[in-house]
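# A closer look at the structure
Read off the chains here:
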Amino acid sequence: MTRYLCHRLLALIPVMAVVVTVVFLLIHLIPGDPVSVMLGPDATANQIQATRRALGLDRPLHEQLLKFYARVLRGDLGQSYFLDRPVTTALRERAEPTLVLTLAALLVAVAIGVPSGILAGASRGSPWDRTLMTGALLGVCIPGFWLSLNFIYLFAVRLGWLPAAGYASVFVDPVAALRHMVLPAVSLGFNQSALIARIARSCMLEVLQQDYIRTARAKGLSQRVVVYVHAFRNALVPVTTVIGITMAILIGGAVVTEIVFNIPGLGRLIISAILRRDYPVVQGVVLVTAASYVLINLAVDCVYAFIDPRIRYD
Amino acid sequence: MTETGRQNLPAQTPDVTSRRTRNRRPDWARRLYRNPNVVFGSLAFLLLVLVAVFADALSTHKPTRLYPAIRLRPPSLENYLGTDEFGRDVYSLVLHGSRVSLLVGGVTMLLTSLGGIVIGLAAGFSRRLDPVIMRFMDGLMAFPAILLAIALMAARGPGVWNVIVALSIVYTPRTAMLIRSTVLSLRELDYVQAARALGRGDLPLTYRHILPNCVGPLLVQGTFIFAYAVLAEAILGFLGVGVPPYVPSWGNVIASGKNTIREAYWVSFFPGAALTLAGLSLNLLGDGLRDTLDPRLRVQ
């Protein structure tokens, strides 16, 4: 296990190197002169020159890249022009809503996805199975941001049950936080619950075909015991991986949900940074999100290797 | 075939063989026709294509013309799906929006397939290039797809071609990985080894024996990428970083509907329903094609 972990940690180095390089290159993809674009049409030649020097854009490309690597390794993601503070500080301030939203959506996705998938798999071909899988197909196809708008219209505008937008910190006012989080979490988690349900179902079907299940049936155990005691636990093993991947996907999806519900998280930070051409912030959000995506995937693989002893990574 | 038929088999063998050979293509096509997912998916998709092609003839108003006097009108005989905050006809906007979606989806699918084939083949065939290419692909796949697309759009600015290029960069690694793994498994097969032993070079070998076997997985993957790209285009438009706001696209119309959701649900509802239909048709088609063309990947 330790060897596997070391191996996986080493494999992270090239992946993160590519991530950092791509993030670095973003600023160079800006058509024309990035500094003039950033400062807008009113900037004087002196300002442009000073900013170019401050960003190190007057140096050769490879030198800029090495400096960028060095800065990232020190945890320095530069200075936001618009917010007038280091990018890392801005990220830290905005991380909480995104994290809470992602975790809440994950909870929704698992709470809907796992039972539906297991139930559909255990009763293959039944009306339950068909209904649940049709629901899952629709769940995959319905765009999350559109679902959010429909939820807002139905539950906030028409019925007035829940607030249409906004955010309350769970540490300040837990009740308000819960009321504000229901719609975003359900609309973000619903798509992913469909994915989890589909995979849970096929895992369940696979497990139900195994010899030990036949043995359990031959012993005379009831369908309920066979499915929910013997098959369920083993079907969950691959589902764990999917749950991890879901978490990673949700971080990306949270960007869009935050815009719909006006939640002051990383998603709104990056979109407002794009509109203000605050590129260091754009780079910072992308880098941090990609890094957490990579780390979550690593954690998932390790958990998977830990809970399923049949898996050997050499 | 009956017992009597079987007894007569030797005399009829040549006929049977020739009929089987003749029937091979229809057999393959028949399996497609019989798959309800393929049938429903392709019919719905065909409908979308027809709508996109005949959008001008089918629409009742010019989608870009603003009529402030009739802003936020609910669906009526005059405006089938109502009007938006600028008085634009939502029905005509939805019809014309399908053009951008299909253009972005289709071209992204083509570009990712081409890029995926070139990169996947290079990685699958060259042991020296393989680790470098694959680490690079891993790195690109480490970004959440939509976030990388947003970041690329942030750098390049709004525009249909920028959306296509951004989405192609985002989705090419997936296709490249698929082609590489197909090449790796095919490369070891006896018939490919035999062709190599006969002295075929890499290029003819690829063209004659490897690529034809990649078509199935590529088609399935391409259909899903089409669906992702249509959705991603709408998301980018919705966030205001996709195609410019004056171009009628589903994402842009949904974004304008967001501002007026309290007064006019129809502005965002109908383009979203069209987007869902597009996603549904492509997902059904993809699932059906996968089951028919690549039985190994069949989901139970």
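Each value, and the rule that gives it
- Residues numbered from 1 in each chain as written.
- Chains lettered and ligands numbered in written order.
- Predicted model: local features only at pLDDT ≥ 70, side-chain atom pairs only at ≥ 80, totals over all residues.
- Heavy atoms only, no water.
- Core = buried A, V, L, I, M, F, W, Y, C linked by side-chain atoms within 4.5 Å.
- Buried < 20%, exposed > 50% of the residue type's maximum accessible area, 1.4 Å probe, protein only.
- Domains from an automatic or database assignment.
- Contact = heavy atoms within 4.5 Å.
- Buried area = accessible area lost by both parts, 1.4 Å probe.
- Salt bridge = Lys/Arg side-chain N within 4 Å of Asp/Glu carboxyl O.
- Polar contact = N/O pair within 3.5 Å; in protein donor to acceptor, adjacent residues only side chain to side chain.
- Helix = DSSP H or I, 4+ residues; strand = E, 2+ residues; numbered from the N terminus.
- Expected span 1.5 Å × (residues − 1).
- Bend = angle between axes of the 7 residues up to and from the residue.
- Patch = residues over 30% accessible without salt bridge, like charges linked within 9 Å, V, L, I, M, F, W, Y side chains within 5 Å.
- Areas by Shrake-Rupley, 256 points an atom, 1.4 Å probe, with all protein chains shown as cover.

## Quick word on the nonpolar core
Grouped together as the largest cluster of nonpolar side chains are 122 residues, with contacts concentrated most on A:Phe145, A:Ile270, B:Ile150, B:Leu167, B:Phe238 and B:Leu239. Looking at this core, you find at least three residues from each of domain 1 (2-73) and domain 2 (95-307) of chain A. Excluding anything up to four places from it in sequence, B:Phe238 contacts A:Phe145, A:Leu149, A:Val256, A:Val260, B:Gly251, B:Asn252, B:Ile254, B:Ala255 and B:Lys258. Of all hydrophobic cores here, the second largest spans 18 residues; its members include A:Met204, A:Val207, A:Ile213 and A:Val226.

## Focus: the interface of chain A and chain B
Contact with chain A, which involves 47 residues of that partner, is made by 42 residues of chain B. Between chain A and chain B the total buried area reaches about 4,000 Å² when both faces are included, carbon and sulfur atoms providing 79% of it. When the buried area of chain A at its contact with chain B is split by residue, A:Phe145, A:Trp146 and A:Leu149 rank highest and sum to 16% of it. Our count for the chain A to chain B interface comes out at 1 salt bridge. Here B:Asp287 ties to A:Arg198 by a salt bridge, and the two come within 2.9 Å at their closest N and O atoms.

## A short note on the domain arrangement of chain A
Residues and elements named next belong to chain A. Domain boundaries in chain A define domain 1 (2-73) and domain 2 (95-307). Domain 1 and domain 2 are separated by 33 Å when their C-alpha centres are compared. Contact between domain 1 and domain 2 buries roughly 1,400 Å² in total, counting both sides, with carbon and sulfur atoms accounting for 82%. On the surface where domain 1 and domain 2 come into contact, there are 1 salt bridge. Of the charged contacts, one joins Arg8 and Asp301 as a salt bridge, the two residues approaching to 2.2 Å between their closest N and O atoms. The interface formed by domain 1 and domain 2 holds 2 residue pairs in polar contact (both at pLDDT 80 or more) in total. Elements supplying a minimum of two residues to the side of domain 1 that touches domain 2: helix H1 (2-26), helix H2 (34-39) and helix H4 (61-73). The greatest single-element share of the side of domain 1 that touches domain 2, amounting to 11 residues, is contributed by H1.

## Thoughts on the environment of A:Ile249
Residues and elements named next belong to chain A. Tracing the backbone shows Ile249 in helix H10 (residues 223-261). We classify Ile249 as partly exposed; its relative accessible area is 31%. For the pair Ile249 and Leu106, spaced 143 residues apart in sequence, the C-alpha separation works out to 10.0 Å. Excluding residues within four positions of it along the chain, Ile249 makes contact with Gln192 and Tyr293.

## Examining the side chain of A:Thr246
All names here are of chain A. Among the structural elements, Thr246 can be located in helix H10. Overall, Thr246 belongs to the buried group, its relative accessible area being 0%. There is a polar contact of 2.6 Å between the side chain of Thr246 and the backbone oxygen of Val242. If we ignore the near neighbours within four places in the chain, the residues touching Thr246 are Leu106, Ala109, Gln192 and Ile196.

## Some details on H10(A)
Residues and elements named next belong to chain A. Here H10 contains 39 residues, and its C-alpha end-to-end distance of 44 Å is more than 12% below the 57 Å for a straight helix at 1.5 Å per residue. Considering bend angle alone, the principal kink of H10 is centred on Ala231 and spans about 50°. Among the residues trailing H10, Asn262 stands out with phi positive, at a value near 55°.

## Points about the environment of A:Leu178
Summarising the element assignment, A:Leu178 is placed in helix H8 (residues 174-208). As a C-alpha pair, A:Leu178 and A:Leu162 span 16 residues in sequence and 9.8 Å in three-dimensional space.

## Brief notes about a nonpolar patch on the surface
All names here are of chain B. There is a patch of nonpolar side chains on the surface, built from Val39, Leu43, Leu46, Leu50, Val53, Phe54 and Leu58 and spanning about 620 Å² of accessible area. Ranked by residue count, the leading element in the nonpolar patch is helix H3 (residues 36-53), at 5 residues. Tracing the backbone shows Phe54 in the loop between H3 and helix H4 (55-58). Take Phe54: its relative accessible area is 45%, and that puts it in the partly exposed class.

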